[in-house]
Amino acid sequence: MTLEISPTRYAHSSGHTDVCFSSDGRYILTCGTDSDVRKWCSIEDDDPQALGTKNMNAIAVVSVKDKIYVSGDDNKVAIYSLKDMTNEGILSRASAPVTCLSISSNGNTLASGGCDFNIHVTDTETFKDSLFTGHTAPILSVAIDPKGEFLASSSCDGSVRIWEISTCQKVQSWTSCFPNSNDFHASTTLARMSWEPKSGKTLAVPYEDSIKLYQRGTWNEIMSIKNPTVVQPFSIVSFSPCGRLLVATSKGGIWSLFDSASGYKLIATEKNLRGTNVTGLAWKPKEKSLAFCNFEGDLGIVTISLPDDDTPPAVEIPEPVIVDNGIEDGITSDFEMDDFEDKLLEGRAQSRMSAATVDGSVMTGQVPAVKVEASYFMQEAFQPSACPTHLQRRFMVYNNVGIVISVTDDSDTSTIDVEFHNISVHHNFSLPNIFDHSLCALTEEVLVLSGPKQESTESSKVVVQMLQGGDSSREWMVDLLPGEEAVCVAAGLGFVAVGTDEGSVRLFSIGGMQRDVISVGGKIVSMAALGKQLMVIFHAGLGTKALQNYGYVVYSIRDNSVRFAKRPQHLTVPAGCTLRWIGFTDEGNPCFLDSSGKIHVISSNNVAYVLTDTERLGEKGATSHYFLIGVNETEMKFRAILCKGAYYPPIAPRPIMGEILIQAPICDSDSAKGKLEEDYVRTKRAAYSSKCIDPSTGMPKDDDYAVLSNVKSFNTTLLKIFAMACIADMDTRAYDIYKLMTAAEWRVKARQYAHSKNKSRLLERLEDFVDQPESEEEPEIVEESQEIEPRYKILSRINSTESFGSGKETIEPMKMSKLKRALSSQRSFEMFSTPTQNGGNPFKKNAPKPPLSETLLSKNSFIEEDAEFSRSATPDSLQMDSSDVSSKHMSDFSEQSRTSLDTNSVALESPKVVEEAKAKENGSAVDGFKKWFENNKSNLQAEFPGMKLADLKKEAIKKFKAANKPAGKKRGALGKQEEPQPKKFAMKKLDAFLFKKKDVPKEPESVETPVETLDKEENTQFESETPENDSQNLTLVEDTPEN
C-alpha cells in the first residue's frame, strides 16, 4: 500500500480552512478565513464557483444531498443551495462563534459546537434544537453516530464526552486526552473523532500521541495504536467509507495510515512537503482518496493505492521439503513420481503456450514484433494575456489598454464585457457573444474578435469594432475562406492581423481593407503586435515534449509595404518548456515567457537574454505564479498579476496588476559580491535598452534621461565591485572590471581609488589600458605589392581655398597594409559619442560641438578623424607621402592642391597669405580651447579637487596643448634632450602645409602661432580673474618636452 500526497494549490487565505465532499462526490467544498465558500469540480479547477458569506470568517462546512451548511464567527449556521450557491436561510444560532459541524448520513440531524461551551443538535426539517451542556471550554469537534443514537464531542478542556441524543444526557467521558487550551484557534489539536461508518461499533479518539479505539455501548477501550515517528498529539482521525482504513494526521503534517483488516497495523506514513498542519480532511464517497486543507489555505488530494482484492490468488504448488529421514514431506508411500513429472511437464507446456499467445493468436517459434511509433508534441496555438478557453468566466485579454471578459452562464449564453483602464478616453461597454468568439485583441484603436469555425460558413468570422473615428458604422466583419480557422489575432498601429490554421497571416487595415496574406512557413503558435511591428511565433519543425522547435519572425508593417524587422530565426526555449506568453517590451524588443517562469528578451542584435526567473522571486509562494502583462527594460520591472495556486487569475474579485522589480538570475546572489553583480547586470540591460515606442507614431524614440541615469547606475556599481576586488587583492578581477567601465570619468575614479590603496602594479596596468583601443579589429591582410592610388581622387569634400607656392615635392605612394594598420587603432564609444562627421575641424567656429567623451579622449581625436576620413574614401584611390605628411592630415588638402599633387609639385604660399591663414586659425584655437574647457571643466575639477580656477585653467592649457601638439621626438636613451624643433601649427588644417625645412620660408616675426595666441589670451583672462596679490606669481609653463 502507498499513500501519495499530491502538490497542493491555493484555495483560501492563510488560516483555519475546512473541506468536505458533496454527497455524490462530484464537488469539493472548502471554506476559509477570506469569508468565501468555494465549489471545486476538481483540484485542477482554475475557476471555482464561490459565494461570499458577508464578512463572516467561515470555520466549518458540511454538505448532504443538495444543501451546504456553513458556520463561522457570526454565531450562526447558514444554509446554502449546492446547485446555485444561494442562501436559503439560517438553521441555528449561538452566543459565540460556531467552530465545528457534523451531520447525519440521512441529513436530518446536524450537530454544532461553539466557543460558548455548548453543543446544539438541530433537526434540519423541523428546525427543532436541542442543547447539550457540560464542557468547560470551547468545543473542538463533534461527531454523530452513524445510527443516530449517540454524539461524541471534544473540548479545549482536554475531555471527550459521549451523549445520548434522545435524552441529551452524558453517558461516558474521558479526561486529559490532549493538552488543554482556552481558545479554539490556540489549541494544538483539533481532536476530531471518527465513528466506524457502517455500524458505528468502534469510535476512534486521538489521545496524545496515540489513537484509542472504544467499543460502542460498553465504551471499553479495545486497543491503542501508534506511529513510532509521531511524537506530537494526533489532531484528526477518520475512517474510510468502507471502514477498512483509518487515516490520522498530527502536528507537523505527518500522515499515518492504519489497516483494520490486519489489526490496525501501520501500513504507510507520509509528511506534507512544507510540514504544515492539516486543518480539515474528507474522504471521497466510494473511493480510496481524500481531500485535505492546511493552515496555509491550500487544497490537496491524497490517493491510497491498495492491492486489487478482486484478483483471485494464484494457485501455488508447494515444493517438497526434504526432512532428516530422507523422505520428502507431503509425499506418501503410494505417490508415483512418474505422475508428478507428467503433471509438471504439462504445466510447463501450458505456461509456454500462454506466454506465446498475443491478442488471442498463438505465435509458435517467433519473437513478438515490437511496434515503435514516432512520438512528437507540438504546442497548440494560444492568445497572449488570455485565460484558457474552457473556463466559463475568463479574461479574453488583459493588457495595458484594458481588459476583455467573457462570461458564459448555465444556459450557455455568453457575453463580452470590455473595460478600459482610462475611462476618460473610452467608455466601458458590453456586447453579446453571438458568434462564440474566443480570441480577442484590444488597442486604443480597435477591438478585434474571432473564434472557431462557424457551422454555417465552415470558416471563422472576424469582427472588428473601431474605437476611434467619426464613422456612423464602427463595426465591420469578414468571413475567412471555407475551411480556414483563426487561431490567434493581433492589432497594431493601423493594421489588424489574423493568424490561421494554414500557417498564414491575413493583414487588414483598420477600416477593413484586405491588404496582404503573409506565408509564415509553419504552424502558428501565437502573435503579438506593438506599434508598426508584428511578431509571429511558429513551429519550425516537429517538436517533442522534451524540446519544442519554435521559430519567430518580426515584420514591420508600413503603409505601402511589409518588411522584415527581424528575419525568421530559431527561438531558444529551455528543454521541456513551452511558451506561456509573448509580446513586446515597452522599448520594442520581442519578449516571451516560458512554462518554467523565465522571462526572455531578444535584443536588437538577436541575442536572447534571460531577464529574470519569476518562479524564484521571494514575494510569492511555491504554488503561486505570475500572469504576465508587460515588461519595461528601462525601469527593469515587469507588470503581472500574482495568481495564488493557479496560473491564471479569476475575474472576481477583480485582480490588481502590480509592478515587480526584475532580479537577474545571478549565482550566489545572497553574498555582497553577488548582489552587486546582479545590480550591474540589471542596470546594464536597462542602459542598453535605449529605445521606446512612441504611441503617436508607433516608431522607436530615444529616452536620453533614463538611459543616462541607468549608465550612471551601472558604472557606479562597477566602481563598487572594483573597490571590493582591490580590497580582496584580486588585481586581475579589478582589471576586468575596469575594462567594463564605459565613461572616462569613472575610469579616472577607479585609478584614483587604486592609487589610494597603493596598488602600484594594478595602476600600471590601468594606465597602460588607457592607451589601448577598446575594440581591436584584425586589419585586412593585403599583399605588400598593392599600392594606393593618388589621394586627390577622394578629396573633393574638403572646402579649402588656400593655394600652394612654387615649391615642389614628390609624394611617394604608401603601402596599403601600413594605412590599414594606422586606421585600425581608432577608438569607438558608440554609447556616448559619435565620430566627427565629414572629417570636420573641431576648432572651426561653425563646427558642431564635440561630445564630452570625444573631448575626454582628445588624445586619440586625430585617429578618430582619420578613421572617419578612411570610411568616406576609397582605399585604392589613395596616395600619400609616408615620410613628411602623416595620415591624420590627409583630409585637409584643397581642390587647388589636387592640381599641384597631380603634377607632383607643391607651391609655397606668399608670406601675406600665410599670415592671413595663421591669424584666422589663432581665433579658432582660442574658441576651441574655450569649448574644450567648458566641456571638461567638471572632469578637471574631479581630477584636481580643491584647486583654484586660475590654477585649474593652467592645467587645462597643459592638457589642451599636449592633446593637440604634433607628435615630437622623445628623449634619447641617455636622457639627453635633443634640440627643440621649430614650433609647428597645432591646427589640423595648417599642419597640411608642413614641408621640408629647406623649402619653408622664414616666418615673419610679427606672426604668432595659434598656441602662442592662446597663451596670451589665457594670460589676459588669468590676470582679470586672479586677485592682485597673486597676479605676480602666475606664469605660463612653456610647452617643453618635459611638460
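The structure contained in this document is the topic of the report that follows.

Cut-offs used in this document
- Residues numbered from 1 in each chain as written.
- Predicted model: local features only at pLDDT ≥ 70, side-chain atom pairs only at ≥ 80, totals over all residues.
- Heavy atoms only, no water.
- Salt bridge = Lys/Arg side-chain N within 4 Å of Asp/Glu carboxyl O.
- Helix = DSSP H or I, 4+ residues; strand = E, 2+ residues; numbered from the N terminus.
- Buried < 20%, exposed > 50% of the residue type's maximum accessible area, 1.4 Å probe, protein only.
- Contact = heavy atoms within 4.5 Å.
- Pairing = 2+ DSSP bridges.
- Axes fitted to C-alpha atoms, helices over the stretch in contact; angles between N-to-C directions.
- Phe/Tyr/Trp six-rings, centres within 6.5 Å; stacked < 30°, edge-to-face > 60°.
- Lys NZ or Arg CZ within 6 Å of the ring centre and 35° of its normal.

Turning next to the pattern of salt bridges. For the structure on display, the rule yields 29 salt bridges. Here R192 ties to D18 by a salt bridge, and the two come within 3.5 Å at their closest N and O atoms. Taken as a pair, R192 in the loop between β18 (169–174) and β19 (194–195) and D18 in strand β3 (residues 18–21) lie far apart in primary sequence, 174 residues in all. D18 carries the same exposure label as R192, and that label is buried. Put simply, D729 and K759 hold a salt bridge, and the shortest N to O gap is 2.3 Å. Pair noted here: D729 is in the loop between α3 (704–727) and α4 (731–740) and K759 is in the loop between α5 (744–756) and α6 (760–770), with a separation of 30 residues, a long-range link. In this structure D729 comes out as exposed when scored by relative accessible area, which is 57%. K759 gets classed as buried once you look at its relative accessible area, which sits at 14%. Residues joined in a network through salt bridges with shared partners are D34, D36 and R38.

Attention shifts here to the side chain of T249. Take T249: it is sitting in strand β24 (residues 245–250). Residue contacts for T249: discarding those within four places in its chain leaves F234, S235, I236, I254, W255, V278 and L281.

Read from one edge to the other, the open sheet built from 4 strands follows the order β46-β47-β48-β49, with strand pairing classed as antiparallel. Each end of this open sheet is capped by a strand with a single partner; those strands are β46 (524–530) and β49 (562–571). Across this sheet, the average inter-strand angle for adjacent strands is 15°, counted without regard to direction. Bridging between strand β48 (residues 550–557) and β49 involves 7 bridges; their strand directions are antiparallel.

Glancing now at the pairing of strand β35 (residues 402–408). Of all the 7 residues making up β35, 5 are buried; the element is thus mostly covered by neighbouring parts of the structure. Where strand β34 (residues 393–398) folds back onto β35 in an antiparallel hairpin, the turn is made up of 3 residues. Pairing between β35 and strand β36 (residues 414–420): 7 bridges, direction antiparallel. Within β36, the residue paired with I403 across the bridge is E419. Between β35 and β36, which pair antiparallel one after the other, the connecting turn spans 5 residues, and D412 there sits at a positive phi close to 65°.

Taken as a whole and judged by the stated rule, the model has 12 aromatic pairs. Between F132 and W163 the ring centres are 5.7 Å apart and the planes differ by 75°, which places this aromatic pair in the edge-to-face class. On the criterion of sequence distance, the pair formed by F132 in strand β14 (residues 129–132) and W163 in strand β17 (residues 160–164) is long-range, its members being 31 residues apart. Note on accessibility: F132 and W163 belong to one class, buried. Where W255 meets F292, the ring centres are 5.2 Å apart and the plane angle is 70°; that geometry is what we call edge-to-face. Taken together, the residues W255 in strand β25 (residues 254–259) and F292 in strand β28 (residues 289–294) connect sequence positions 37 residues apart. Look at W255 and you get buried, because its relative accessible area is 0%. In textbook terms, an aromatic cluster arises when at least three aromatic residues are bridged by ring pairs, as seen for F150, W195 and W219. Sitting over the face of the ring of Y27, K39 holds its NZ or CZ atom 4.6 Å from the ring centroid. Just above the ring of F435 sits the side chain of K461; from NZ or CZ to the centre is 5.2 Å.

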